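# Descriptive structure summary
So the chains spell out like this:
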Amino acid sequence: MNAAHTGDGPGDGHGVEVASLDGGASLDGRASLDGGASLDGGPGGGAGGWRGLAGRSLWASGAKSLAIVAGVVAAVVRFLVGSDWPPGAVVTASAAAAVLVVAAVVAYDAARLRATRWRLTPERLELRSGITVRQHRSIPLDRVRSVDLRADPVLRFFGLTVVKVGTGEHSAEGTDLALDPLTRHEAESLRRTLLRQGEGSAPGDGPLVELRWSWIRYAPLSVWTFTGTALVLGGLYKALDSFGVEGVATWAANGLWAWVTARPLVAVPLLLAVNAAAGVLGAVLLFAESWGRYRLDREPGRLRLRRGLLTTRSLTLEERRLRGVEISEPLLLRLGGGARVKTIATGLGKAAENETEDVAALTPPLPRAVAWQLAARIAGTRAPATTSDAGSSANASGSGAVEMGMGALVAHPAAARRRRVVRALVTVSVLAAIAGAVSWLAPWSWVRLSVWAVPVVALASGMWAAVTDARSLGHALGGRHLLTRQGALVRRTVALDRKGISGWTISESFFQRRAGLLTVSAVTAAGQGHYDVVDVGRADGLLLAARAVPGLLEPFLVREKARENQ
Amino acid sequence: MTGGAQVGLRPPRHQADPRAVAWWTVQGLIFLVPVALAAVAAYWIFTSRPLWLGACVGVFAVGCVLLALVAPRAYYRVERWEVTDQAVYTRKGWLTHTWRVAPMSRIQRVDTARGPVQRLFGLADITVTTASSAGAVKIEALDHEVAAELAERLTAITQATPGDAT
């Protein structure tokens, strides 16, 4: 134990620990695991064909445990120095703690590797796992819908990859099967076998899109650019606080505050500039990390997305699960002329808890025109025809739809805008009433004045949102797709495959009924489950639904020549 | 609007079983009468029984009971359903009308449910689930024999339909 210097600690530590913990048998097991074709089933095996995970995982987890070691050692040092230990004892104690941590992590990983066996038979992929609770999962090969590879920098260094096999059913129930980790070579060949792609991955026509580094200019166009730095600083303060270095943090914060109050004219703009600069830098770095080496390919029957500068990810999406595409344009990105493309697919599910990124995201932020072209190519190369409503292009507000050749979206009636304006005005008047009450009751005069800023700001932003939201409303019916658009802050244009519509929900609130509007919602198995055409004129909406899926709604429609006088 | 012909959705053919009104009333009373009683009891025990508060509590209690008596009748009038060979079609809602259409070819599951009190009234609910996460189509308070028959018919049609209904 005392021989463990931090220099090559992980290697030493795990070798010693595994040997002492599991005995010689496990070492043999690991040796054969490295070969990748171990037939000795391990604890749960016995039958042929069972294989273990990559034994090199021990090195990777050892390396990763160093992060924990740093924290533990810092805590130990602080505690012991506080209680007057001699320096030599402190060093020994922290070295021991470090070895213990690494050993524990590696031992756990070794136990996990020992307990995990997987097998690929001609019919199914099977996985046995679990140290205390044994699990046996098995996926029929014809149910495999996606094979995702993911490798963080440490795993990449050791040539390892985590393979996640999805069945396309709702992954909330944990139907995904993860092999954590395999060697990169094994992972690639497993991916190819599972997706029946032995004929080679050279479809010839090149990638659908590939990263252009000029797109990085869209990276800072996000709210996080301006709030991110503050959040990170806040988190840092918290972390310092819990490590007991609060003195430093408080001292820094106090000094900063004193400086700001002393010279607000210099300090405030400077701080804002620094905040923005740090935010931009962070956004750019994040973009580079997650979208570096981005490449979207169309392989026969599926889309394959590869990205990531440090942590590489490879996602495969079967095209027959695809039910449409969504183009999303958040406000800042929209102002900068950018957009992102997302897929609407069945069984994609929400992002797993430990993954922050959106599973459905297909592209980084990119120029709007590129986004529309890509959406058109993914959704089906033929550009759908315009709706039969002639002259609708005049009041169409869209920009991209025209470029895409999808024809213009039909704008929604003026009543839709009226509803939004009224809603905004009602909200503002409620706020104004509250502001009035506060300014009447509040004892301080500065509160009495400044409280009126709230309804004023609300009026401006509310009216802006109302008008923008109303202007973004639109729908159209293409040859294969139902298009709908909505949203002020984030404008979303959805092209939903008409064959993917599995029902309609049509709702009409009291106020909508008075305005002659309704909301037509196309129910689908993919994506968020339903996509809405909001506040469309009653006849327009019903006819749209009737035409989009022939024969479904038609039997329940009634056409009357004059219903106004009823 | 497109002008010319006015287009609307016709109401589905069938209503819930008339016994549904009684059942919903019982259900409402089971839930709302304790609420009303609790309000009155709280007033009687925890306050010094000022008259104005008494009036408020009285109005609240009477309102609860009235709601339990009136709402089921309103609900019965607006809630309608229909099953054709192609689709399940329902309407509900009093202030906000909601129509739902689910084609037979996309139905994945048909459930019948009967609660204990519901059983006393001889009623049953049918829930028709499609592959979407956006929610199932529910037909409430049918005569339990009608419901069983309907569920059987729906199941038969669903099984006859090829594909995985997504």
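What comes next concerns the included structure.

What counts and how
- Residues numbered from 1 in each chain as written.
- Chains lettered and ligands numbered in written order.
- Predicted model: local features only at pLDDT ≥ 70, side-chain atom pairs only at ≥ 80, totals over all residues.
- Pairing = 2+ DSSP bridges.
- Helix = DSSP H or I, 4+ residues; strand = E, 2+ residues; numbered from the N terminus.
- Axes fitted to C-alpha atoms, helices over the stretch in contact; angles between N-to-C directions.
- Parallel < 35°, antiparallel > 145°, perpendicular 65-115°, else oblique.
- Nonpolar A, V, L, I, M, F, W, Y, C, P; charged D, E, K, R; others polar.
- Left-handed = near helix turned anticlockwise from the far one by under 90°.

### With respect to the pairing of strand E8 (residues 295–299) of chain A
Residue and element names in this part refer to chain A. Direction of pairing for strand E7 (residues 209–210) relative to E8: antiparallel, over a ladder of two bridges. Note on E8: the bridge partner recorded for Val209 is Leu296. Bridge count for E8 against strand E9 (residues 302–307) is five bridges, and the pairing is antiparallel. Paired with Leu296 across the bridge in E9 is Leu305.

### Brief notes about the sheet that holds strand E1 (residues 117–120) of chain A
All names here are of chain A. Spatially, E1-E2-E3 is the arrangement adopted by the three strands of the open sheet, whose pairing is antiparallel. The open sheet has two edge strands, E1 and strand E3 (135–140), and neither has a second partner. Direction aside, the axes of adjacent strands within the sheet are offset by 10° on average. Across six bridges, strand E2 (residues 124–129) lies against E3 in antiparallel orientation. Bridge pairing in E3 links Glu126 to Ser138.

### Description of the packing of helix H1 (residues 19–46) of chain B against helix H2 (residues 51–78) of chain B
All names here are of chain B. For the pair H1 and H2, interaxial distance at closest approach is 8 Å and the crossing angle is 170°. Considering the angle they form, H1 stands roughly antiparallel to H2. Residues that form the contact of H1 with H2 fall into these classes: 24 nonpolar, three polar and one charged.

### Digging into the packing of helix H3 (residues 57–82) of chain A against helix H4 (residues 87–115) of chain A
Residue and element names in this part refer to chain A. Where H3 contacts H4, the axes come no closer than 8 Å and their chain directions differ by 150°. With respect to H4, the axis of H3 lies roughly antiparallel. Remark: the crossing between H3 and H4 carries right-handed chirality. Broken down by class, the residue content of the contact of H3 with H4 amounts to 19 nonpolar, five polar and one charged.

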